[in-house]
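What the coordinates show
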Protein chains: 2
Amino acid sequence: MAQGHLSLLRCMECGNTHQLDDPVYVCGKCGGLLDVEHDLEAIKPRISRALFDERLGALDQPYNSGVWRYKELVFPEAQDTGSFKDRGMTGGVTHAVMVEASGVVCASTGNTSASMASYAALAGIQGLVFFPFGNIAAGKLAQSVAYGAISVQVKGDFDASLALVRQACREFGIYLLNSVNPFRLEGQKTIVFEIIQQRRWQVPDWIVLPGGNLGNTSAFGKGLKELYDVGLIDRIPRIAVIQAEGAAPFYQSYKDGFAERHTVKAHTIASAIKIGNPASYIKARRTLDLTNGVVEVVTDQEIVDAKAQVDASGIGCEPASAASVAGVRKLIASGVIKPGDDVVAILTGHVLKDPGVVMDYHNGTLEGLQSPYANHLRTIEPTLAAVQALLNQEKVPTR
Amino acid sequence: MAQGHLSLLRCMECGNTHQLDDPVYVCGKCGGLLDVEHDLEAIKPRISRALFDERLGALDQPYNSGVWRYKELVFPEAQDTGSFKDRGMTGGVTHAVMVEASGVVCASTGNTSASMASYAALAGIQGLVFFPFGNIAAGKLAQSVAYGAISVQVKGDFDASLALVRQACREFGIYLLNSVNPFRLEGQKTIVFEIIQQRRWQVPDWIVLPGGNLGNTSAFGKGLKELYDVGLIDRIPRIAVIQAEGAAPFYQSYKDGFAERHTVKAHTIASAIKIGNPASYIKARRTLDLTNGVVEVVTDQEIVDAKAQVDASGIGCEPASAASVAGVRKLIASGVIKPGDDVVAILTGHVLKDPGVVMDYHNGTLEGLQSPYANHLRTIEPTLAAVQALLNQEKVPTR
């Protein structure tokens, strides 16, 4: 680690390094993915479980944030981050501010853009979002527009939008906040920090999550390795990545022993993971190596049915999130997850992100899919007799 | 307080009392609003700022909840509440479980139902929701259906739906979870507890909130009075209630010195406060007395413009919430809120609750309203030239 700095950026393709205050987020030499490397030996004596536990009740910035609570392992030398609270985007926007970016941009199926638009607004930087054409979930589109980002539909799919935006960033010098940005992953990895802290530092056997662009997969592996290296945990859980059957290039690569980097034309109802050429492929592969991980696929029918059940539990999630739960089920059925294993599955998005899918499922109007757990909306006259008929029909006990 | 119990229910109309484990939520004698009375003298030695501060970092139930953290002032003798986390509904559902309700029901413009459906599912009780006919925000309707409540549109407005549901509860013995339920308000009052605790027990001059059915208004006054009575705060902030011009019966009553309880046929774009006959009228009036409070009205145009600005700050809210901000503006303009006053305004609902209003505002298609802060969705071809034209048009600096 050069000149006493606690962190640097290293290219995962060519090994070239950058300082953190360089205005780059991909390798300046070869364009490859950068990895944030922290000087864990220097950081280790400054942190402990007790320190992070103390900060749980913090009222003041930055430690009242679920990301900046772990500041020493996220961005040890960052300025104060102000009001930003999200994971991932708070890391990325902090760096954009540090390097005085004039505008920030992302291609998005809707969640990245909602988050970027919000934190860009909080930081006073103009946001610019490139959506694939059509089929953006209503809530997600509304968030980008409401938060004031310049919101653009590109005539193409997500992979085309991301390729265009990466090219535009190189050409016009705007700052990219897709998950190829390594500071995004520094924020996202705090999800595993918080999971393990909330479990009072007891490590589960498995952490299961949906896989699309593979940013979370990449971040989780890095975070777990760092926790292990600084001695905050004594073993590493296995990661299981769940892809939708129609958008499973990483699964294909996993199946052939990573002999080839596959890409596909993505098709799935789970729009957040409808990605055919995952940007974080290399980093996600590292996660599988680090954690003895596995990759599984689930069908759209399995996804919407798992979602209906997660929803009906009173918690709820967006379609992509339910892939985790459908995936756990499949991995138990195939014997990969064993009876008695301690499993954490991640729900990545709120049910309110995609109200259209909810109503289509429960109305039975999802194209090509069944709705075995449907809950139909009823209409009644405003009379007691109508209420009584409803209660009888629904078998709600009355006195 | 009878027989050493720390709390009882007292009718605000006839003075009749009930024990907390009685299966009632309105007066068993006259049907009037019940108030939860805590034996604050007995509770006072058991609590302190330090106790509540210690619990801020709690990982375990029940103190890891923003409601049950203040358990001694909410429901001192409640059983453990399991997974419930919301305000208001966690109080109400806890009582429904205590009295072994077979089903729970509410009339709702969409937020109460979302919350009830979730906590009913978590508690394993069947939920039943009565919506007014038409115009329920997409996110809110989706939540009720997704969380498994029996969801019914009643051919009538909110006030008709509430009247019907109250009648049905009396007739058929199902458990009512509208805010006439006093345990709802016990949970909701923790909003002011948390505000003041987050401010390190420094009391603001004003707390400003939207007024519809007046449950929050009622709960806030009660909570502030209790904090004052047990000595956790040394003065009481003033409450300002903001109603939409087309749904302002409480404002009318305020203006005539509460000589009359007004009702109106409600019309406003802010569906969460589109209520013409507020159920908590008496309790809200008590809040105004206790806090030297005021009531103000704002137009729908003021609401949607304030919302566009709250949204563009990167925070966002639903339409009704923006009434708070529009109201603060109006009260400053009229000199009621003075320069230098310390003001907290409440945003009651997430921007994702009502994505339809967002898109209609920014598309300029809100009937009868202007969109001065509109942010239009654009479409471009997937080419660098199209991106460059966009950046020029939007004046985003490039290198």
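All of the points below concern the structure found in this document. Keep in mind that what you see is a predicted model, and the values were worked out from it rather than measured. (Residues numbered from 1 in each chain as written. Chains lettered and ligands numbered in written order. Predicted model: local features only at pLDDT ≥ 70, side-chain atom pairs only at ≥ 80, totals over all residues. Heavy atoms only, no water.)

Here we look at the sheet that holds strand 1 (residues 7–11) of chain B
All names here are of chain B. Where we set the bar: When DSSP finds at least two bridges between two strands, those strands are taken to pair. Helix and strand labels come from DSSP, where a helix needs a run of H or I of at least four residues and a strand needs a run of E of at least two; each type is numbered from the N terminus.
A sheet is described by the order of its strands in space; here three strands give the open sequence 2-1-3, paired in antiparallel fashion. Lying at the two open borders of the sheet, with one neighbouring strand each, are strand 2 (17–18) and strand 3 (34–38). With two bridges joining them, strand 1 and strand 2 adopt antiparallel strand pairing. Note that in strand 2 the partner of Leu-9 across the bridge is His-18.

Thoughts on the packing of helix 9 (residues 190–198) of chain A against helix 10 (residues 215–229) of chain A
Residue and element names in this part refer to chain A. Keep this limit in mind: Axes here mean lines fitted to C-alpha atoms, for a helix over just the part in contact, with angles spanning 0 to 180 degrees between N-to-C directions. For classification, angles of less than 35 degrees are called roughly parallel, those exceeding 145 degrees roughly antiparallel, those between 65 and 115 degrees roughly perpendicular, and all remaining angles oblique. Contacts are residue-level and defined by heavy atoms, with any inter-residue pair within 4.5 Å sufficient. Gly is placed with the polar residues, together with every amino acid not listed as nonpolar (Ala, Val, Leu, Ile, Met, Phe, Trp, Tyr, Cys and Pro) or charged (Asp, Glu, Lys and Arg).
The N-to-C vectors of helix 9 and helix 10 enclose an angle of 55°; their axes lie 7 Å apart at closest approach. If you check the angle between helix 9 and helix 10, you find them oblique. Across the interface between the two elements, Ile-191, Val-192, Phe-193 and Ile-196 of helix 9 pack against Asn-216, Phe-220, Gly-223, Leu-224, Glu-226 and Leu-227 of helix 10. For the contact of helix 9 with helix 10, the residue count by class is seven nonpolar, two polar and one charged.

Points about the side chain of Asn-178 of chain A
Residue and element names in this part refer to chain A. Where we set the bar: Burial classification: accessible surface area is computed with a 1.4 Å probe over protein chains only, and a residue below 20% of its type maximum counts as buried, one above 50% as exposed, and the rest as partly exposed. Under the rule applied, a polar contact is a pair of N or O atoms within 3.5 Å (in protein, one hydrogen donor and one hydrogen acceptor; residues adjacent in sequence only if both atoms are side-chain atoms).
As for its position among the elements, Asn-178 is in the loop between strand 7 (175–176) and helix 8 (182–188). The exposure class of Asn-178 is buried, given its relative accessible area of 3%. A distance of 2.7 Å separates a polar atom in the side chain of Asn-178 from the backbone oxygen of Ala-107. Each residue touching Asn-178, except ones within four places of it in the same chain, is listed here: Val-105, Cys-106, Ala-107, Phe-158, Leu-162, Val-165 and Arg-184.

Structural notes on unusual backbone geometry
For residues besides glycine, phi is generally negative; the peptide bonds are generally trans as well. The residue Phe-258 of chain B is not glycine, and still its phi comes out positive at about 60°. Given a relative accessible area of 13%, Phe-258 of chain B falls into the buried group.

Overview of the relation of the copies chain A and chain B
Note the following rule: Here the copies are superposed with least squares, the fitted atoms being C-alpha atoms of residues at a pLDDT of at least 70 in both.
The operation relating chain A to chain B is a screw motion whose rotation component is 180°, with 0.0 Å of axial translation and a residual RMSD of 0.0 Å. Overall, the copies show the geometry of a two-fold rotation axis. Minimal C-alpha distance to the rotation axis in chain A is attained by Gly-57 of chain A, lying at 1.8 Å. Looking at chain A, 100% of its interface residues are interface residues in chain B too, so the copies touch through the same face.

A closer look at the nonpolar core
This is how it is decided: To qualify as a nonpolar core, a set must consist of buried Ala, Val, Leu, Ile, Met, Phe, Trp, Tyr and Cys residues joined through side-chain atoms within 4.5 Å.
In this structure, Leu-73, Leu-128, Phe-130, Tyr-175 and Phe-250 of chain B are the most contacted members of the largest nonpolar core, which totals 102 residues. Ranked by residues supplied to this core, first place goes to helix 7 (residues 158–172) of chain B with seven residues. Apart from residues lying up to four places away in sequence, Phe-130 of chain B is in contact with Ile-380, Val-387 and Leu-390 of chain A together with Val-105, Cys-106, Ala-107, Ser-108, Val-152, Val-154, Ser-161, Leu-164 and Val-165 of chain B.

Some words on the environment of Val-304 of chain B
All names here are of chain B. Position of Val-304 among the secondary structure elements: in helix 13 (residues 300–312). For the pair formed by Val-304 and Thr-383, sequence separation is 79 residues and the distance between their alpha carbons is 36 Å. The contacts of Val-304, once residues within four sequence positions are left out, are Ile-269, Tyr-361, Leu-366 and Leu-369.

What about the packing of aromatic side chains?
Residue and element names in this part refer to chain A. This is how the line gets drawn: Any pair of Phe, Tyr and Trp rings, taking the six-membered ring for Trp, is counted once the centres come within 6.5 Å. Such a pair is stacked with planes under 30 degrees apart, edge-to-face with planes over 60 apart, and tilted for the rest. We call a charge positioned above a ring when the Lys NZ or Arg CZ atom is no farther than 6 Å from the ring centre and deviates by at most 35 degrees from the ring normal.
This model, assessed by the stated rule, comprises 14 aromatic pairs over all chains. A ring pair is formed by Phe-52 and Tyr-70, whose centres lie 5.3 Å apart and whose planes are at 70°; its orientation type is edge-to-face. On the criterion of sequence distance, the pair formed by Phe-52 in helix 2 (residues 49–54) and Tyr-70 in the loop between helix 2 and helix 3 (71–74) is long-range, its members being 18 residues apart. Both residues of the pair, Phe-52 and Tyr-70, count as buried. Above the plane of the ring of Tyr-63 lies Arg-55, whose end atom (NZ or CZ) is 3.8 Å from the centre.

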